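# Overview (structure and organization)
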Number of protein chains: 2
Amino acid sequence: MTDTAIDVPSGKPAAIPTPQPGDPRLARLSLNQATVKRWTLAEAVAGCQRAGIPAIGPWREPVADMGLAAAARLLRNSGLRVSSYCRAGFLTGPDRKAALDDNRRAIDEAAELGAPCLVMVVGGLPDGDRDLAGARARVVDGLAELVPYALERGVRLGLEPLHPMFCADRAVLSTLGQALDIAENFPSAAVGVVVDSYHVWWDPQVYEQIARAGERIAIYQACDWVLPIPADALLGRGMVGDGYADVGGLRRAVDAAGYTGDIEVEIFNADVWEADGDAVIATVARRHVQYVI
Amino acid sequence: MTDTAIDVPSGKPAAIPTPQPGDPRLARLSLNQATVKRWTLAEAVAGCQRAGIPAIGPWREPVADMGLAAAARLLRNSGLRVSSYCRAGFLTGPDRKAALDDNRRAIDEAAELGAPCLVMVVGGLPDGDRDLAGARARVVDGLAELVPYALERGVRLGLEPLHPMFCADRAVLSTLGQALDIAENFPSAAVGVVVDSYHVWWDPQVYEQIARAGERIAIYQACDWVLPIPADALLGRGMVGDGYADVGGLRRAVDAAGYTGDIEVEIFNADVWEADGDAVIATVARRHVQYVI
């Protein structure tokens, strides 16, 4: 990979040289596929290989586009680790059976892909519903149904607390403490938690909850909080280093809690998605060295 | 006031008749002046009087526009209660002395206006700063400076936790529990907390923290969480009943904790601001009866 020396999406000159394949500082870096959303799974795998990124977190849609068996074969032969699989959940809606069936399919896919963890975005409040406690109870109830299946398949469910900005429409799970309160009802092998710096950085309890989480930490995701929040609030995630989240401090905290796994960069951002994928990955790698490890 | 029978800003027919002046169901309702932002203080006072709203929460800018002494006279002669005074705070920036001086002026103004509570929005992270713990420490430090002055003037500082969406730019105080952890360092007469349904509705700990708050609750503000979040995230607040927050449930919780004060409706919303002030107040009154009391 050539060093573009230009950061994405800021367009500013890179602060440090791009680490090259084989650089030990990249050893724990993983590219969540959503960061290079326009790429197919094959393109994302090839991009990681070119850049020396040793792990990838695939998403269900591009896996389906390729076909599950072919995707599993590609990943097995790629030399890349699979850090997580995104995503399932959405357990709060009215059609419980359809949701559980879809989650079981996602568990099967994760098992086939060799993903250690299936990321769970639990779902928001149905329209017109103000019963948050009820929605949260449905999450616990749905998980109880899925846990035996997940254990059988050897897939860990990773409960992801989302920023409270998404409580109404995406996840009634808003803090790491709340995720742990739920996870602790189940075996650690079956239910862990996802720590995503973008979602948890603001939480006054986050450091004590990370310490509490310990071996429950299924994956650490890195992403920055940037302003302004865009028209589509889902796409407001920034390249690490461009915003306010202490992504490195949170990484040190998860490590201190015993986490030794991948550091997966997941950025939903229209400007990042418009950019050249190799330039995105090069920026991700530089920022990882500069701000995270 | 005539019943417009049209809700603001939805434009839909009103679900119930507008409660008329003297209706006991309006006894605890207060209009935060920001809800009718285009009105002067004199216009807002007159609007409340026409609608039979017995209390008002003025803002500093319109008070300054009128002149403090004239505003105090207007409010004293209006027959309205002053429920709170908005707002001071912003204690996290680099110029500590200027911030403290401005807060002392706001305390003086609140005392002159007879406001029982000065709402404190504590401030966000300075640009380029990722040290949340440091910013939070500056809030505690600033409060310690202000508390003797507030006690002397008989004004209670109301710490307002803002939705975590505003942690970077407006308030590093994000949860009621965190606000209480800070408030409890000071006498209850000097430092209370603001419970605003818009900011706290998502919090999995909010009901236990309201119970804990007890007499620390300085003011309950009512506002709904609506989607989508607009381009200016500050203006995404909805008319009570239009969104996802259980504004009535939270009102019952603050009452159960011992709160008997005003229920102040504060809505930052461009569409509400564009509408006729009397129509806004009529909608506020109807929604108060329908969803809050």
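Rules and cut-offs
- Residues numbered from 1 in each chain as written.
- Chains lettered and ligands numbered in written order.
- Predicted model: local features only at pLDDT ≥ 70, side-chain atom pairs only at ≥ 80, totals over all residues.
- Heavy atoms only, no water.
- Buried < 20%, exposed > 50% of the residue type's maximum accessible area, 1.4 Å probe, protein only.
- Helix = DSSP H or I, 4+ residues; strand = E, 2+ residues; numbered from the N terminus.
- Arc of directions from axis to C-beta.
- Contact = heavy atoms within 4.5 Å.
- Pairing = 2+ DSSP bridges.
- Least-squares fit on C-alpha atoms with pLDDT ≥ 70 in both.
- Core = buried A, V, L, I, M, F, W, Y, C linked by side-chain atoms within 4.5 Å.
- Axes fitted to C-alpha atoms, helices over the stretch in contact; angles between N-to-C directions.
- Parallel < 35°, antiparallel > 145°, perpendicular 65-115°, else oblique.
- Left-handed = near helix turned anticlockwise from the far one by under 90°.
- Nonpolar A, V, L, I, M, F, W, Y, C, P; charged D, E, K, R; others polar.
- Disulfide = S-S within 2.5 Å.
- Phe/Tyr/Trp six-rings, centres within 6.5 Å; stacked < 30°, edge-to-face > 60°.
- Lys NZ or Arg CZ within 6 Å of the ring centre and 35° of its normal.
- UniProt positions renumbered as here; feature names shortened; annotations may be inferred.
- Polar contact = N/O pair within 3.5 Å; in protein donor to acceptor, adjacent residues only side chain to side chain.

The name recorded for chain A in an unreviewed UniProt entry is Xylose isomerase-like TIM barrel domain-containing protein, from Thermobifida fusca TM51.

Residues and elements named next belong to chain A. Turning to helix α1 (residues 41-51), its buried residues number three or more, namely Leu-41, Ala-44, Val-45, Gly-47, Cys-48 and Ala-51. An end-on view of α1 places all buried positions within 160° of arc, on one side of the element. Packing partners of the buried residues in α1 comprise β1 (29-32), β2 (55-57), α2 (60-66), α3 (68-78) and α11 (277-292). Looking one or two residues beyond α1, the residue adopting positive phi is Gly-52, at roughly 75°.

This part covers the sheet that holds strand β6 (residues 156-159) of chain A. Residue and element names in this part refer to chain A. On the basis of which strands lie adjacent, the open sheet formed by nine strands has the order β3-β2-β1-β11-β8-β7-β6-β5-β4 and parallel pairing. The open sheet has two free edges, formed respectively by β3 (81-82) and β4 (85-89), since each of these has just one partner strand. Looking at chain direction, strand β7 (residues 191-196) and strand β8 (residues 217-222) are connected through four bridges and run parallel. Within the sheet, the bridge partner assigned to Val-193 lies in β8 and is Ile-217.

Here the focus is the relation of the copies chain A and chain B. Mapping chain A onto chain B is achieved by rotating through 180° and translating by 0.0 Å along the same axis, at an RMSD of 0.0 Å. What we have between these two chains is a two-fold relation. By C-alpha distance to the rotation axis, the residue of chain A lying nearest is A:Ala231, at 2.5 Å. Taken as a fraction of all interface residues of chain A, those also at the interface in chain B reach 100%, which identifies the copy contact as same-surface.

This brings us to the nonpolar core. In terms of nonpolar packing, the biggest core is built from 219 residues, with A:Trp201 and B:Trp201 touching the most fellow members. Contact partners of B:Trp201, with chain neighbours within four places excluded, come to A:Leu125, A:Leu132, A:Cys167, A:Ala168, B:Trp225, B:Tyr244, B:Ala245 and B:Leu250.

All names here are of chain B. Where helix α6 (residues 176-183) meets helix α8 (residues 206-213), the closest approach of the two axes is 9 Å, and the angle between their N-to-C directions is 25°. When the axes of α6 and α8 are compared, the pair comes out roughly parallel. Here α6 runs over α8; the crossing is left-handed. Touching Leu-176, Gly-177, Leu-180 and Asp-181 of α6 are Val-206, Gln-209, Ile-210, Arg-212 and Ala-213, all from α8. Of the residues in the contact of α6 with α8, the class split is five nonpolar, two polar and two charged.

Looking now at the state of the cysteines. Applying the stated rule across the entire model yields zero disulfides over all chains. A:Cys86 takes part in no disulfide bond, and the closest cysteine sulfur, belonging to A:Cys117, lies 7.8 Å away.

The next subject is the packing of aromatic side chains. Residue and element names in this part refer to chain A. Enumeration over the complete set of coordinates arrives at nine aromatic pairs over all chains. Among the aromatic side chains, those forming a connected cluster through ring pairs are Trp-59, Phe-268 and Trp-273. Its end group placed over the ring of Trp-273, Lys-37 keeps NZ or CZ at 4.8 Å from the ring centre.

Of the consecutive residues B:Cys86 and B:Arg87, the connecting peptide bond is found in the cis state with omega at -10°. Residue position: B:Arg87 is located in strand β4 (residues 85-89). Here the phi dihedral of A:Phe90 falls at roughly 50°; this positive angle occurs in a residue that is not glycine. Topologically, A:Phe90 is positioned in the loop between β4 and α4 (96-113). Its relative accessible area of 31% is what places A:Phe90 among the partly exposed residues.

What follows is about the UniProt feature "domain: Xylose isomerase-like TIM barrel" (unreviewed entry) in chain A. When the UniProt feature table is mapped onto this chain, "domain: Xylose isomerase-like TIM barrel" (unreviewed entry) is found at residues 49-275 of chain A. Secondary structure across residues 49-275 of chain A divides into 42% helix and 17% strand, with the first and last C-alpha atoms of the span separated by 19 Å.

All names here are of chain B. Side-chain alternation along strand β1 (residues 29-32) places Leu-29 and Leu-31 on one buried face and Ser-30 and Asn-32 on a second face that is also buried. Alignment of β1 against strand β11 (residues 263-265), held across three bridges, turns out to be parallel. When the sheet's bridge partners are listed, Leu-31 is paired in β11 with Val-265. The sheet contact formed by β1 and strand β2 (residues 55-57) spans three bridges and is parallel.

So, about the side chain of B:Asp129. Along the polypeptide, B:Asp129 turns up in the loop between β5 (117-121) and α5 (132-153). Within polar-contact distance, the side chain of B:Asp129 engages the backbone nitrogen of B:Asp131 at 2.7 Å.

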